[in-house]
Amino acid sequence: MKNTRFLIQLVLVCFWAIVSQSSFAQSFKWAPDGESFYQSNKSGIVQQNIMDESETLVIPAELLTPAGESPLAVRDFTFSEDGKKVLIYTNTKRVWRLDTQGDYWVLDLNSKKLQQVGKGLPESSLRFAKLSPDAEKVAYVSEFNLYVEDLNSGEITALTTDGTRKLINGTFDWAYEEEFACRDGFQWSPDGKRISFWQLDAEKIKDYDMINFTDSVYSEVIPVEYPTVGESPSPARIGVIELANQNLTWLAIPGDPQQHYLPRMEWNSDDFLLVQQLNRKQNHSKIFGVDVVDNAVELISEEQDEAWIDVLSTWENVYSLTYRHEFKWLNDNKEFLWLSDKDGWRHLYRIGLDGKETLITKGDFDVMNLVHFDEKKNVVYFHATPENATQKYLFRTKLDGKGEVERVSPANQVGTHNYTISPSGTLAMHQFQSHTVKPMVEWISLPKHQPLDKEKGIDANMASNQVDSNVEFFKVTLADGTEMDGWMVKPSNFDPKQIYPVVFFVYTEPWGANVKDTYGVGRNRLYTGDMAQDGYIYISLDNRGTPAPKGRAWRKSIYRKIGRLNISDQAEAAKQIVAWDFVDPERVGVWGWSGGGSATLNLMFQYPEIYKTGISIAAVANQMTYDNIYQERYMGLPQENPEDFIAGSPITHAKNLEGNLLYIHGTGDDNVHYNNAEMLVNELIKHGKLFQFMPYPNRSHSISEGEGTNAHLSKLYTEYLRKNVPPGGKTVKIENK
């Protein structure tokens, strides 16, 4: 029974890691021995041994219970370096995408003392608390200021006092958080004598005012500092505080802070920091080394690109609560690992503090993400998919760059793999799924990729996890030779002699690919019922510019062409599909959310002869309304090429609407602002175009808040689709000639 419970817990952890990656890092933490991991549950914090599947209650819930209260609801936890204290994160509140604000408690495992951190500060106001290396202090941010607290005396010292909503210490503004995944904005030095932190000055950034009309008889204005495309970035600088005397030094990073970004910073040693700087166009990256004692700055490495340089990729778990930009250090911190597509493919390099570079991975494939490396064994593991861009596998090669690339994932397991490798590199949690196999998990040993328990392994249980899938993967070749991957779900009772309606699901922009060989692909979560049973053909295609692992040229060909290249690729492919014998050209629908909503509008407006009905949700109707980091990265500066922004914006082409359009937007969307909706509605009215519009009061970009919202949205979506793209097959009448 114990072993069964262990496996069930593991499956649940891995399933939710697959479905919602952001939950994974908080619920699973490797123990120092590399053969066990920690998890929190109702009983407290437990340690699960992988080899014998035993469970040890390390911290019972009683120790996590403040006097006279219920046990703390553990959202996250961190052990001190010596393992004698644990920092508990609880009572959390959402800030933009994630619940990065809450309360913190420290439990001393020797004395059993549980103490709250930041007493006297507002409830649920603490962010990113971290124990000092000696675990005698804890630092955190509250209401835009940085604090350090002595755990023995309880004394709290404000390290900054000038913080406001517009002058941000130790964390970031909306744009940095959304587009660089920068949330945690301070770090302890390795010796615990200093703290480095970001400060962002958003004083010159205009507010976008969201308005709440529903919770009071008077409207409430909710301002968000939001730099739209064309506006200068929030100036950022990095300070270092000496804790002994609270002396503050601002690092002498060269350049105009209003024309660059600082997305990455990390200590290399007690008095040496590395900082990444990006120019405003994000096509020139510099890595500086800073001696914080002398405030001496040296350029270590730089890279330029004709399009842009990625700080993040969609292959990383950037929406994890614990995601950090981290340098991976080698050779006693004299070198670090770095990913770049400078040679046409995203490859792994090792870069020395002297600037010398060594290419580690070689070949015509993209390294999707780094999984594990081991200097002593001279090995590095990474995810890649050289032969099929819809899948993902584990590979390895030699860390010194002198080895051949070798696939580790079993050849018979065709689909999508994810690995979490232990610190020792000898064990790994292996997850596998495909469109025909439910998510499965096993523990394996490395380097031979052998299941620890063959009877519970993936191979032994593959048959019982197979599902009948009606998803077909296919390819469309465009006139210029471009090959697009797609998936298709045909009607359940498909008759090739009949014609059926087709619905396209689109995203199309550089932050998302839809065509992946995973379980559940081809499902439409908004549709009430079964599209296949009702008689729809459901299709999705990935165009150039989407983050498929097909090399730099594929991904960056969309530079300055969002709203044009992605749209023409989709339309050309759709034109071929609509010509298939079993597709009804009069019943063609398209829908998408966010960037997919924008694509839906552009497809409806630019190619009305193909797309007859569209459902657009949370769309950017005017590219000039979106944030500067995202839009300028992919489109350049509107001061230099305004024609590209105009040509790519749906609002420019709204006058061409001919078909049926359902347009949906949340009025409380802090990401794609509601003014997009009103601008587009105004333009459609101007040209006498009839359409259906549904605003959701105070709902964010996800349109998920409020009682009944999800059900309402699904019903609205489904009924509109059924009415305007009637389901079911039709027999084609053959006329006598």
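Fair warning: this is a prediction, and the values are worked out from it, not measured in the lab.

A. Local environment of the overall build of the protein. Scanning the protein for helices and strands turns up 13 helices and 44 strands. Its C-alpha atoms give the protein a radius of gyration of 27 Å, near enough to 27 Å, the size a compact globule of 737 residues would have. With respect to the principal axes defined by its C-alpha atoms, the protein has extents near 95 × 60 × 60 Å. Evaluated residue by residue, the protein yields a buried proportion of 57% over its 737 residues. Charge-centre separation for the protein: the mean point of 75 positive side chains lies 4 Å from the mean point of 99 negative side chains.

B. Highlighting the pairing of strand 39 (residues 537-542). Within strand 39, six of the six residues are buried, which leaves it mostly tucked inside the rest of the structure. A two-sided burial pattern is seen for strand 39, the buried positions comprising Ile-537, Ile-539 and Leu-541 on one face and Tyr-538, Ser-540 and Asp-542 on the other. Direction of pairing for strand 37 (residues 483-489) relative to strand 39: antiparallel, over a ladder of five bridges. Paired with Met-488 across the strands is Ile-539, a residue of strand 39. The pairing of strand 38 (residues 498-505) with strand 39 spans four bridges and is parallel. When the sheet's bridge partners are listed, Phe-505 is paired in strand 39 with Ser-540.

C. View of the domain arrangement of the protein. Once the domains are mapped, the protein shows domain 1 (24-157), domain 2 (159-304) and domain 3 (471-729). On a C-alpha basis, the centres of domain 1 and domain 3 stand 43 Å from each other.

D. The arrangement of the sheet that holds strand 34 (residues 437-445) in detail. Pairing within the open sheet is antiparallel, and its four strands lie in the order 32-33-34-35. Each edge of the open sheet is held by one strand with a lone partner, namely strand 32 (416-421) and strand 35 (450-451). In the sheet, strand 34 pairs with strand 35 via two bridges, with the strands oriented antiparallel. Its bridge partner being in strand 35, Ile-444 is matched across the sheet by Pro-451.

E. Spatial organisation of the UniProt feature "domain: Dipeptidylpeptidase IV N-terminal" (unreviewed entry) in the protein. According to UniProt, the positions carrying the feature "domain: Dipeptidylpeptidase IV N-terminal" (unreviewed entry) are residues 80-437. As annotated, residues 80-437 has a helix share of 2% and a strand share of 49%, and its two end C-alpha atoms lie 40 Å apart.

F. Just the environment of Gly-401, in detail. Along the polypeptide, Gly-401 turns up in the loop between strand 30 (393-398) and strand 31 (406-407). With relative accessibility at 10%, the residue Gly-401 sits in the buried group. Residues Gly-401 and Tyr-349, 52 residues apart in the sequence, show an inter-C-alpha distance of 8.4 Å. Sequence-distant contacts of Gly-401, defined by excluding residues within four places in its chain, comprise Leu-359, Ile-360 and Lys-362.

G. Expanded view of the sheet that holds strand 23 (residues 296-304). Strands sit in the order 20-21-22-23 across an open sheet of four strands; the sheet is antiparallel. Each edge of the open sheet carries a strand with a single partner, namely strand 20 (260-269) and strand 23. Neighbour to neighbour, the strand axes of the sheet diverge by 20° on average, direction disregarded. Relative to strand 22 (residues 284-291), strand 21 (residues 272-279) runs antiparallel, the two being bridged by seven bridges. In the sheet register, Leu-273 faces strand 22, and the bridge partner there is Val-290.

H. Seen up close, the packing of helix 7 (residues 565-578) against helix 8 (residues 595-606). Following both chains from N to C, one finds helix 7 and helix 8 inclined at 65°, their axes separated by 10 Å at the closest point. Crossing of helix 7 over helix 8 shows right-handed handedness. Contact with helix 7, carried on its side by Ile-567, Gln-570 and Ala-571, involves Ala-599, Asn-602, Leu-603 and Gln-606 of helix 8 and no other residues of that element. When its residues are assigned to classes, the contact of helix 7 with helix 8 shows four nonpolar, three polar and no charged.

I. Looking closely at the environment of Gln-277. Considering the arrangement of structural elements, one finds Gln-277 in strand 21. Taking relative accessible area as the criterion, Gln-277 reaches 7% and is therefore assigned buried. Along the primary structure Gln-277 and Pro-585 are separated by 308 residues, whereas in three dimensions their C-alpha atoms are 50 Å apart. Apart from residues no more than four positions distant in its own chain, Gln-277 is found in contact with Ile-253, Pro-254, His-260, Tyr-261, Leu-262, His-284, Ser-285, Lys-286 and Phe-288. Here the side chain of Gln-277 touches Pro-254 through a polar contact of 2.8 Å, landing on its backbone oxygen. For Gln-277, the side chain forms a polar contact with the side chain of His-260, separated by 3.1 Å.

J. Representation of the pattern of salt bridges within the structure. For the structure shown, the criterion picks out 35 salt bridges. For the salt bridge of Arg-97 with Glu-178, the shortest nitrogen-to-oxygen distance reads 2.8 Å. Taken together, the residues span a long stretch of sequence, with Arg-97 in the loop between strand 6 (85-95) and strand 7 (98-108) and Glu-178 in helix 3 (residues 174-180) at a distance of 81 residues. Taking relative accessible area as the criterion, Glu-178 reaches 13% and is therefore assigned buried. Note that Arg-560 and Asp-644 form a salt bridge whose closest N and O atoms lie 2.8 Å from each other. In this pair, Arg-560 sits in the loop between helix 6 (552-556) and helix 7 while Asp-644 sits in helix 10 (residues 642-648), placing the two residues 84 residues apart along the sequence.

K. Summary view of helix 9 (residues 628-635). Of all eight residues in helix 9, eight are buried; the element is thus mostly enclosed. Buried within helix 9 are the following residues: Asn-628, Ile-629, Tyr-630, Gln-631, Glu-632, Arg-633, Tyr-634 and Met-635. Among the structural elements, helix 3, strand 20 and helix 10 are those in contact with the buried residues of helix 9. The N-cap residue of helix 9 is Asp-627: its side-chain oxygen and the backbone nitrogen of Ile-629 are 3.0 Å apart. After helix 9 finishes, the residue Gly-636 shows a positive phi value of roughly 85°.

L. Looking closely at the packing of aromatic side chains. A complete count under the given rule lists 35 aromatic pairs for this structure. Judged by centre distance (5.5 Å) and plane angle (20°), the rings of Phe-172 and Tyr-176 are stacked. Here Tyr-527 and Tyr-536 contribute two aromatic rings whose centre-to-centre distance is 5.9 Å and whose plane-to-plane angle is 85°, an arrangement assigned as edge-to-face. Accessibility expressed as a relative area gives 4% for Tyr-527, which makes it buried. Members of the aromatic cluster, connected to one another through ring pairs, are Phe-172, Tyr-176, Phe-180, Trp-198 and Tyr-261. Geometry around Phe-77 places Lys-29 over its ring, the cationic atom sitting 5.4 Å from the centre. Sitting over the face of the ring of Phe-582, Lys-490 holds its NZ or CZ atom 5.0 Å from the ring centroid.

M. A look at the confidence of the model for the protein. Within the protein, residue pLDDT values average 94, and 96% of them lie at 70 or more. Note that residues 1-26 has pLDDT below 50 and, in this model, 50 contacts with residues that lie over four places away or in other chains.

Rules and cut-offs
Residues numbered from 1 in each chain as written. Predicted model: local features only at pLDDT ≥ 70, side-chain atom pairs only at ≥ 80, totals over all residues. Heavy atoms only, no water. Helix = DSSP H or I, 4+ residues; strand = E, 2+ residues; numbered from the N terminus. Rg over C-alpha atoms; globule rule 2.2 N^0.38 Å. Buried < 20%, exposed > 50% of the residue type's maximum accessible area, 1.4 Å probe, protein only. Lys, Arg positive; Asp, Glu negative; His and termini not counted. Charge placed at Lys NZ, Arg CZ, Asp CG, Glu CD. Pairing = 2+ DSSP bridges. Domains from an automatic or database assignment. UniProt positions renumbered as here; feature names shortened; annotations may be inferred. Contact = heavy atoms within 4.5 Å. Axes fitted to C-alpha atoms, helices over the stretch in contact; angles between N-to-C directions. Left-handed = near helix turned anticlockwise from the far one by under 90°. Nonpolar A, V, L, I, M, F, W, Y, C, P; charged D, E, K, R; others polar. Polar contact = N/O pair within 3.5 Å; in protein donor to acceptor, adjacent residues only side chain to side chain. Salt bridge = Lys/Arg side-chain N within 4 Å of Asp/Glu carboxyl O. Phe/Tyr/Trp six-rings, centres within 6.5 Å; stacked < 30°, edge-to-face > 60°. Lys NZ or Arg CZ within 6 Å of the ring centre and 35° of its normal. pLDDT = per-residue confidence, 0-100.

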